[in-house]
Amino acid sequence: MMEQISPRQFTILTVLFTIGTSLLVIPSQLATDVEQDTWIGSIIACLFDFAYLLLYIKLLNKYPDQSFIQIIEAILGKWIGKAVSWVYIIFFIMLTIFIVKFLGDFIKTMILPATPPWFIYLSFLLVVVIALRYGVETIARSAELFFPIVIVFLSIIMVMLIKDSDINNIKPVGEHGIMAITVAGLKMSPFQEHICLLMLIPFVKRNGKYRANRSLLVGTMIGSIFLIVFSLFTILILGNYNTANMLYPVFIIVQKISIGDFFQRIEVLMIAVWFLAVFIKSCIIYHSALTGISHTMNIKDCKPLILPLGVVIAVFSNFIYQNTASFLTLSSEGWFTFALIYLLLIPLLLLVIDWIKSAMTNKDSFNLDDA
Amino acid sequence: MLSSIFVIIIVIMIMKFSFPTLVKNKQYKELLLASFFLFIGTLMCMLYSLKMINFDATEWLNTMFSPISQMITSLYKT
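Bear in mind that the values here come from a model prediction, so they are computed numbers and not experimental data. (Residues numbered from 1 in each chain as written. Chains lettered and ligands numbered in written order. Predicted model: local features only at pLDDT ≥ 70, side-chain atom pairs only at ≥ 80, totals over all residues. Heavy atoms only, no water.)

Helix and strand counts for chain B stand at four helices and zero strands. Starting at the N terminus and walking to the C terminus, you meet the elements of chain B as α-α-α-α. The C-alpha atoms of chain B give 20 Å as radius of gyration, which overshoots the globular expectation for 78 residues (12 Å, by more than 25%). Projecting the C-alpha coordinates of chain B onto the three principal axes gives extents of approximately 65 × 30 × 15 Å. In chain B, buried positions account for 35% of the 78 residues. (Helix = DSSP H or I, 4+ residues; strand = E, 2+ residues; numbered from the N terminus. Rg over C-alpha atoms; globule rule 2.2 N^0.38 Å. Buried < 20%, exposed > 50% of the residue type's maximum accessible area, 1.4 Å probe, protein only.)

This part covers the interface of chain B and chain A. With 36 residues of chain B at the contact, the number on the chain A side is 38 residues. Interface area, chain B with chain A, both sides summed: about 3400 Å², of which 79% is carbon and sulfur. Breaking the side of chain B that touches chain A down by element, the ones donating at least two residues are α1 (2-17), α3 (28-49) and α4 (57-77) of chain B. Considering every element that reaches the side of chain B that touches chain A, the biggest residue donor is α4(B), with 12 residues. Along the lines of polarity and charge, the residues of the side of chain B that touches chain A split into 23 nonpolar, 10 polar and three charged. (Contact = heavy atoms within 4.5 Å. Buried area = accessible area lost by both parts, 1.4 Å probe. Nonpolar A, V, L, I, M, F, W, Y, C, P; charged D, E, K, R; others polar.)

Residue and element names in this part refer to chain A. With respect to the element layout, lysine 108 can be found in helix α5 (residues 78-111). By relative accessible area, lysine 108 is classed as partly exposed at 28%. Separated by 12 residues in sequence, lysine 108 and isoleucine 120 place their C-alpha atoms 8.2 Å apart. Other than its neighbours up to four places away in sequence, lysine 108 contacts Pro113, Thr115, Pro117 and Ile120.

All right, on to the packing of aromatic side chains then. Inspection of every chain in the model, using the stated rule, returns 26 aromatic pairs over all chains. Measuring from centroid to centroid gives 5.9 Å for A:Phe102 and A:Trp274, while their planes differ by 65°, and the two rings are edge-to-face. Within this pair, whereas A:Phe102 is found in helix α5, its partner A:Trp274 is found in helix α11 (residues 267-296), the two being separated by 172 residues in sequence. The same class applies to A:Phe102 as to A:Trp274, namely buried. Ring centres 5.4 Å apart and planes at 90° place the aromatic pair A:Phe106 and A:Phe251 in the edge-to-face group. Here A:Phe251 lies in helix α10 (residues 249-255) and A:Phe106 lies in helix α5, a separation of 145 residues in the sequence. A relative accessible area of 1% means that A:Phe106 is categorised as buried. Just above the ring of A:Tyr321 sits the side chain of A:Lys101; from NZ or CZ to the centre is 5.3 Å. Over the face of the ring belonging to B:Phe17 we find B:Lys16, whose NZ or CZ atom lies 5.7 Å from the ring centre. (Phe/Tyr/Trp six-rings, centres within 6.5 Å; stacked < 30°, edge-to-face > 60°. Lys NZ or Arg CZ within 6 Å of the ring centre and 35° of its normal.)

Next comes the structure, spelled out in structure tokens:
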């Protein structure tokens, strides 16, 4: 029997996926471009994400209960569809490698500077591989278990951050102009690769009229709220200069929390939350790559491929990029265009091709009726 | 070097325990794909350990895509 997850679990997976790596990357990248207007930029980035989601939902409405790879093959036909599917599978594998590498760099820089990075990659991947061998149902249930912890910890942190905030740090509001802020938001929007969540759609249990679309929207909205609030806090506490020049500004603001000189060093809570979110995100993307391979190659059981693909990811994590500086250069320059091809351009093309195909089919049937 | 020894041990373990089951169940497609992934993994691991590759995906992606990103960014500056 096929594994199934409830719409509620899918919403939770979407929230954790949205928080994922973006929580640490977005504030510093936005602050480089629009300084004190980072918080407006993050709102715009989230709005763009919703625009991409609406595009995906359009596709899902036409092809309900199908994964993105299945939709591609349904629209583009067998051979072109398979070629495009492989392009996406490589993208998913590459994303997993980037996430594992980013997590390893974070742990090495902030927590375990003397530990060899390959050991961090292997340990993290081992947990992901075990989770994937248990299946998507288990991952969803663990996300359900983690979710209250994540929400409670993030809420506690947010309340504690209020004390250190200085409202003058966000003034003057909108100094860079709406166009600059919009472009900065657009550049940050491809950091939430929600297209991977479309690979989970066949697993989402139908509950009456309930569709996975609502889970996608609600989950993204909750995750986006956390991203916007944390972007605002980084500027309110650190100011634009420090936020732009720090690698992980959200981690630093949490490190600064001190209540009555006895309640300190609660960045551990932040690390716990972030690890849980990144774990879920990497599980989903890794799973997307595996599901993609099994759909494209007509494989019934993709479990034998989990560990071999894990070896490839672990090895490539060692040298996919040299250091965090080169990753930051990529995230502020090339990543936007590269990711937009997968997140916007190809889905948009699919929608247009599907629209043309259905228009032509309607015309043919109309002509036949006339005859 | 230690990492490549670790990877090779994992690869041998997979081949020892997973491959016979795949052959027994006649899952040849899975066997082929798994072998391909293990081959790529081991090869890249060896090349990396011997310092024979100097691959940086960020550099490659930046060279390919940053001109378009810069063009879009410059739209609001002009």
